[in-house]
Structures are given as structure tokens and as C-alpha cells.
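These are the residues of each chain, in order.
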Protein chains: 2
Amino acid sequence: MSSRKHNFSAGPCTLPLTVLEEAQAEFVDYQGAGMSLIEMSHRGKHFDAVANEAMALAMEVSGAPDDFTVLFLQGGAILQFSMVPMNLLKPGLRAGYLNTGTWAKGAITDAREYGDVYVAWDGEADNYARMPAGGEIGIEDGTRYLHVTSNETIGGIQLREWPTVDVPMVADMSSDYLSRPIPWDRLDLVYGGVQKNLGPAGMAVVFVRKSILEETNRDIGRYLRYDIQASKQSMFNTPPVFTIYMLGKVLRWMRDEGGIPEMEARAAAKAALLYDTIDQSGDFYRCPVDVASRSHMNVVFRLPSEDLEAQFLGEAAGADLLNLEGHRNVGGCRASIYNALPHESVAALTDFMRSFQADNG
Amino acid sequence: MSSRKHNFSAGPCTLPLTVLEEAQAEFVDYQGAGMSLIEMSHRGKHFDAVANEAMALAMEVSGAPDDFTVLFLQGGAILQFSMVPMNLLKPGLRAGYLNTGTWAKGAITDAREYGDVYVAWDGEADNYARMPAGGEIGIEDGTRYLHVTSNETIGGIQLREWPTVDVPMVADMSSDYLSRPIPWDRLDLVYGGVQKNLGPAGMAVVFVRKSILEETNRDIGRYLRYDIQASKQSMFNTPPVFTIYMLGKVLRWMRDEGGIPEMEARAAAKAALLYDTIDQSGDFYRCPVDVASRSHMNVVFRLPSEDLEAQFLGEAAGADLLNLEGHRNVGGCRASIYNALPHESVAALTDFMRSFQADNG
């Protein structure tokens with residue numbers, strides 16, 4: 001325990017220690033079966049129980065209603081950038097996208113290969129420092145869905161209020177998945193990589209409204225078809241056994257800790273502590289993000305100079321506060337404070353920030 | 001050790017015990033870093049070293065020449081069924097496929113969504129009990145590639161002699177990957193899921209001839225583009241960290257044991273022991289596969305009746321000989337004897353087979 005460091009990585013990232021310890025204990029010999037879970041057939045009784053529990057927990061913890069089904073798909077959120085338009089767009093239908101930053105731009109780029117796509121709101125003019133207000137989003141005729149990125153991991157902005165629009169939404173929730181309630185009635189599909197709030201890297205969790213599976217496209221490869229993956233309970237091919245197993249453990253932890261309400265409250269408290277420290281620093285620390293769009297998952301901040309930022313990151317690492325570098329494309333600092341990051345880690349960071357400012361401010 | 005059972009699963013399957021024990025020991029705190037490897041950024045120094053070593057070992061152990069590059073891609077071999085034609089086929093080009101069984105049929109089904117595909121040899125008339133001889137394969141004009149499935153996991157047949165054709169080949173080697181030499185000069189691309197010979201489920205290893213990356217299609221989503229994945233060293237998005245880490249460990253084990261020559265010799269010895277036991281049983285055990293096409297990886301056999309098969313499987317399990325059921329689509333028995341399955345497991349199985357026959361023959 002004493003050797004465990006504070007890990008602010010943007011993903012892959014901190015997992016609950018109890019989950020890691022459980023997995024370690026049963027790693028070589030799973031429940032006395034004489035082999036590791038990762039050596040077992042994905043059609044056998046042990047993995048069957050693991051997969052069923054993970055699916056049931058994903059539905060339970062997320063609060064997904066019965067008219068949604070959950071899929072476990074490889075290729076991360078990035079493959080969903082292609083699969084969503086591949087499955088949902090048809091001639092005569094269009095898709096609107098909110099251009100809110102790096103990840104939204106990626107979704108737009110890929111979607112343009114598969115259909116008629118337009119930007120329904122563009123944050124570029126504001127340097128991606130904020131999310132749109134509801135009234136700013138322009139939905140055009142023939143729109144099949146509006147794609148939103150609920151949290152931009154690199155920019156550090158979050159769609160704090162979900163928009164109300166008259167078309168179904170598709171949401172990329174990779175970096176704030178299950179840290180807040182999901183507005184199911186406005187959504188046809190929700191997806192996200194697991195490697196932030198839900199487990200180790202190697203999979204996306206996709207919730208799909210069942211009724212849309214009747215009209216998804218069929219003229220695509222079978223791995224890429226939502227209808228096939230749904231009808232096969234995501235076992236159309238060999239699933240990523242270890243990732244599903246760990247996802248199940250993280251979801252169980254999340255449920256036992258109090259579920260989304262507790263995760264949301266913890267995130268708000270951790271974010272408040274960090275943003276307050278920044279705001280009370282008299283401009284020594286600066287958050288470049290519009291206050292109303294500040295992320296509760298990725299807190300970005302700058303120091304007065306790049307030299308001071310380098311010194312800050314070096315001394316922080318020396319104090320066991322790790323992975324605070326901003327994304328390599330934007331620089332600065334970023335503290336990612338996902339579900340499993342303990343409040344004490346944020347307290348240690350804010351103590352360090354005050355002390356660093358006292359020495360260098 | 002004494003609790004470890006004989007695991008003949010067709011995949012996921014037995015891994016080297018030393019690999020599992022190493023991974024267990026460093027699971028919670030990786031090399032004193034104060035966190036697990038699966039909690040670390042995929043851009044950090046620890047995972048960077050892990051990924052680079054796995055890539056270097058994949059090239060070394062496979063014997064891939066310098067004009068190939070290796071990719072680690074999610075979605076298993078099944079996603080490659082789509083990605084190969086998506087990337088390689090264009091108007092005016094065709095692809096020939098050997099229809100050798102269940103997996104080949106899957107590859108053909110998906111390829112037909114993306115281009116002009118024909119069957120260059122069809123094993124259906126022979127009930128998929130053999131692979132084609134070289135002269136039986138009909139290559140048509142305008143063929144971009146001939147797709148071969150080097151080993152059919154369910155049918156238990158293996159392309160023991162690679163064909164010589166005047167077009168480049170693409171090979172699905174999922175179930176005999178790195179158990180035999182790869183004929184690089186005849187191939188443009190080789191792929192396979194890792195969950196049989198190479199590690200836990202969750203990834204495909206793809207070797208691509210570099211020169212073909214200049215002409216692959218660009219009008220597809222970025223995750224699905226070989227040229228982008230190659231230019232980003234398979235780190236275009238968050239990679240499946242744990243799977244790559246385990247792959248590296250399995251490849252290191254394979255290299256240290258003697259590499260492909262040793263794996264091939266062990267497979268031949270294990271296969272000979274099993275097929276000899278079958279052949280010497282006076283038709284109590286029967287292998288439905290043509291002798292020249294018998295797989296060195298998946299040994300399928302039948303008993304005189306389905307009742308005896310059920311009894312055989314039950315008693316085998318009681319003797320710690322597990323996962324000997326044939327694929328659910330075909331029934332019967334199947335012993336998968338991949339690289340990491342010890343010779344002693346096959347010896348225990350053949351002892352049991354003789355004893356079962358003595359009691360019930």
C-alpha cells in the first residue's frame with residue numbers, strides 16, 4: 001500500500017486497488033479450475049458467468065432501460081467513429097456533429113467516409129474552450145442523429161448540460177462514462193472506451209437502443225454490424241476475455257460504492273477542490289476553460305511559464321504525483337480524476353500546488 | 001503446480017505457466033512503479049518498452065523480413081476478414097479465396113461486402129476433409145490476392161504444403177501462427193488472432209508487406225486503414241495494453257525455447273503421438289480428415305457412437321483432461337495442441353485413450 005503512487009493519467013489510468021488485488025490472487029488458478037481464466041474457452045461455464053455478470057452490471061450501474069442492449073466491442077471508441085455512421089447512415093439521411101475538440105474532430109473525420117455529415121455547432125472559433133448552449137446547435141433537415149462528445153479529454157471541457165434537440169443523439173462518453181447519469185430518452189446509442197472509468201484498455205462498451213437494430217445497414221462486414229453483435233451477445237467472435245473480466249470487477253466495485261450518484265458526487269468534490277485551488281491562486285494557476293464547461297474528469301491548467309510547468313511536473317513526480325503532463329498536442333498540465341482516483345490523491349495534489357506556489361509564486 | 005490441469009481448449013487456451021506466474025507477480029505493482037502496468041499511460045516509458053519489445057519479438061520469432069511490418073489490431077481475425085478486402089480491393093481487381101471450412105467461409109462472406117470475390121478452390125464436395133493440392137487452385141484474371149486459411153480450427157485440417165500461385169497470398173494463420181515457418185516471399189499479408197498460440201484473447205497480429213501500404217484504400221475509417229496503423233506503430237488509438245504485454249512474454253518464452261523450429265518439432269511430435277494412437281486403435285477412434293491434411297494443431301476424432309463420445313468426454317474431464325469437446329457445430333472430440341500445451345498433456349491423453357478403449361472397446 002505505501003508504495004502506491006498518485007496516478008493522474010488520462011487513460012489507461014488508476015483502477016481500484018481491491019480490484020487489482022483480487023485479479024492478482026486468482027490470476028494463475030481461477031477458482032480452483034486448474035488454469036487461468038485467460039486460458040479458458042470463451043464458451044465455457046466460467047467465462048460465461050463472467051461475461052453475463054459484466055453485461056448485467058453494465059445495464060444495472062448505467063441505469064440503462066430495457067429497450068437498450070449492451071455490446072462489448074474491440075477497437076475502442078475510435079472504431080465506433082466508423083461503426084456508428086456505417087450502421088446508421090443511409091442515402092437521404094444526414095448526421096450532425098458537435099465539433100467540440102480533438103475527439104469530436106476524429107469522429108467527424110471518420111463519419112465523412114460513410115455518409116453525409118455536417119457540423120451542427122463549431123467550437124473552433126472559441127479555441128474549443130467551451131461546450132455549446134442548447135440554443136446554439138443547428139439541426140438540419142433529414143438528420144438521423146446528432147453526435148456529441150460528452151467530455152473532451154484533451155481540452156478539459158464537459159457537456160455539463162445535455163442539449164435538448166428534436167433528433168436522437170449518439171454520445172461518445174469515453175472520458176466521463178458512468179461518472180454521471182445518462183439521458184437515455186434522448187439517445188439512440190452511447191459508446192466509450194473502457195480504459196478511463198471502467199477498466200483496462202482494449203474494448204468499448206456500447207449501449208444501443210434495440211429498436212434501431214431493425215434498420216441498421218446489413219451490407220458491411222459482420223464484425224462491424226450492431227445487429228449481429230447484439231444477436232450474439234457480443235460473442236460473435238472470441239471476446240477480449242481479460243478486459244471483460246476486469247470490467248465486471250470495476251462495475252461491481254462501482255455498484256458497491258454507491259453507483260453513479262456516488263461517483264458523480266465524488267467527481268464534483270474532487271473537481272471543486274482542484275478548480276478552487278486554481279481559482280484561489282491569483283492567476284498563478286490558470287484554467288483555460290470556460291467556467292460553465294469545466295470537466296469533472298480532466299482538469300487542465302497552466303502555470304505562468306513553460307519553464308515553471310516543467311519544474312512543477314518534475315517536482316510533482318518527485319512527490320509521487322504522476323502523469324500530470326497535458327496532452328502532447330497542447331502542453332501545460334492536466335489532472336485526470338476518474339472514478340477510481342481517490343479523493344486523497346487530489347488533496348495531495350492541491351497541497352502540493354499550494355506549496356509549489358508558495359516557493360515559486 | 002499439482003493443481004494444473006491438462007487444457008486442450010481450441011482457444012483461448014493454455015499459456016506457458018512461467019508466463020502466467022511472472023505476470024501475476026508484477027500485476028499490482030509493475031517494476032516498483034507504484035501502479036499496475038494496466039493503469040499506465042500507453043504513451044509512457046514503461047508501456048513504450050513493453051510494446052517495442054513485443055513488436056521486435058514478433059518480427060524476430062516469425063522471421064519476418066525487413067520489407068514487412070507488424071501491426072497489433074483489435075477485433076481479432078474476424079475484423080481482418082473485412083479489413084483485408086477494404087484495404088486491398090479496388091474496382092477492376094478481384095480476390096480468390098480457398099473455401100476450406102468454417103473460417104474460410106467467414107472470410108469469404110465478409111469479403112463479398114467489399115469487392116469482387118471468387119472461390120478458387122472449394123472443399124465443400126469433400127465435406128471439408130482436406131486441403132487442396134497446388135494444381136487444383138484456379139486463379140482468375142485480375143486477381144489481387146489469393147486468401148488461404150492455413151489451418152481450419154474446427155475441421156482439423158491444415159495446409160501442410162503452401163501452394164505456389166502466381167499472385168500474392170493473404171493468409172489467415174490464427175490457429176497455427178508461429179507453429180511453423182511462414183513463406184514470406186509468397187505473401188503480402190498474414191494475420192491471426194493471438195488467443196491460440198500467442199497469448200490471451202483480444203487482438204490480432206498482422207504482418208503487412210510495406211510496399212503495399214502505398215496503394216491501400218484511403219476512403220475508409222482511420223482505425224481500419226493499414227497505412228495509418230503502420231505509420232502510428234499500432235498506437236493510433238489506445239492499444240490493448242495487457243494483451244500486448246502478455247504477447248511479449250509469450251514470444252520471449254517461444255524464442256527462449258528455440259523459436260519456430262522447436263515449436264514445429266514439438267507440434268509434429270505431439271500430433272504424431274495422437275494420430276498414431278487413433279490409427280492404432282483399429283477404428284475405435286477415427287479421424288475424419290484426409291491423412292495429408294491432418295492438422296498439427298487441432299486433432300479431431302470420433303468414437304463409435306455419440307454415447308461413447310459423451311462418456312469419453314466425461315471420464316476424460318474426471319482425469320483432468322479438459323476441453324476435449326469438438327466444436328458445437330460438428331460434435332465429436334477435438335484435442336487442440338498449441339505451442340504452449342506440454343507434451344506430457346498429450347501423453348496423458350493418449351494413455352487415457354488406450355485405457356478407455358480397453359474398458360469400452
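Nothing here was measured: the structure is a model prediction, and the numbers come from that model.

Some remarks on the sheet that holds strand E9 (residues 187-193) of chain A
All names here are of chain A.
Item 1. In spatial order, the strands read E2-E10-E9-E8-E5-E3-E4; together these 7 strands make up an open sheet with mixed pairing. At either end of the open sheet lies a strand with only one pairing partner, and these are strand E2 (68-73) and strand E4 (116-122). Each adjacent strand pair in this sheet contributes to an overall mean axis angle of 20 degrees, direction not counted.
Item 2. As paired strands, E2 and strand E10 (residues 204-209) are joined by 6 bridges and run antiparallel to one another. Note on E10: the bridge partner recorded for Leu 71 is Val 206.

A word on the pairing of strand E2 (residues 68-73) of chain B
Item 1. Of all the 6 residues making up E2(B), 6 are buried; the element is thus mostly covered by neighbouring parts of the structure.
Item 2. On E2(B), burial covers both faces: Phe68(B), Val70(B) and Phe72(B) on one face and Thr69(B), Leu71(B) and Leu73(B) on the other are all buried.

Comments concerning the relation of the copies chain B and chain A
Item 1. When chain B is fitted onto chain A, the two copies agree to an RMSD of 0.0 Å after a turn of 180 degrees and an axial shift of 0.0 Å. What the rotation and shift describe, once combined, is the action of a two-fold rotation axis.
Item 2. Both copies present the same face, since 100% of the interface residues in chain B are matched by interface residues at the equivalent positions in chain A.

Overview of the packing of aromatic side chains
Item 1. According to the stated counting rule, one finds 34 aromatic pairs over all chains in the structure shown.
Item 2. In this structure an aromatic cluster arises from ring pairing among Phe27(A), Tyr30(A), Phe242(A), Tyr245(A), Phe27(B), Tyr30(B), Phe242(B) and Tyr245(B).

Some points on the nonpolar core
Item 1. Formed by 191 residues in total, the largest nonpolar core has its most connected members in Phe207(A), Phe312(A) and Phe312(B).
Item 2. Apart from residues lying up to four places away in sequence, Phe312(A) is in contact with Tyr285(A), Phe301(A), Leu303(A), Cys333(A), Leu349(A), Phe352(A), Met353(A) and Phe356(A).
Item 3. The next biggest cluster of nonpolar side chains, apart from the first, holds 66 residues, and it includes Ala230(A), Val84(B), Ile108(B) and Tyr191(B).

So, the sheet that holds strand E8 (residues 169-172) of chain B
Backbone-to-backbone hydrogen bonds pair the strands of a sheet. The strands run either parallel or antiparallel.
Residue and element names in this part refer to chain B.
Item 1. One open sheet holds the 7 strands; their spatial order is E2-E10-E9-E8-E5-E3-E4, and the pairing between them is mixed. Each edge of the open sheet is held by one strand with a lone partner, namely E2 and strand E4 (116-122). Going from strand to strand, the sheet's axes swing by 20 degrees on average, the running direction of each strand aside.
Item 2. Where E8 meets strand E9 (residues 187-193), 4 bridges bridge the pair, whose relative direction is parallel. Considered in E9, the bridge of Met 169 is made with Leu 187.
Item 3. On top of the sheet, helix H2 (residues 45-62) reaches E2 and strand E10 (204-209); it is set at about 130 degrees to E2, its chief contact.

Procedures and definitions
Residues numbered from 1 in each chain as written. Chains lettered and ligands numbered in written order. Predicted model: local features only at pLDDT ≥ 70, side-chain atom pairs only at ≥ 80, totals over all residues. Heavy atoms only, no water. Pairing = 2+ DSSP bridges. Helix = DSSP H or I, 4+ residues; strand = E, 2+ residues; numbered from the N terminus. Axes fitted to C-alpha atoms, helices over the stretch in contact; angles between N-to-C directions. Buried < 20%, exposed > 50% of the residue type's maximum accessible area, 1.4 Å probe, protein only. Least-squares fit on C-alpha atoms with pLDDT ≥ 70 in both. Contact = heavy atoms within 4.5 Å. Phe/Tyr/Trp six-rings, centres within 6.5 Å; stacked < 30°, edge-to-face > 60°. Core = buried A, V, L, I, M, F, W, Y, C linked by side-chain atoms within 4.5 Å.

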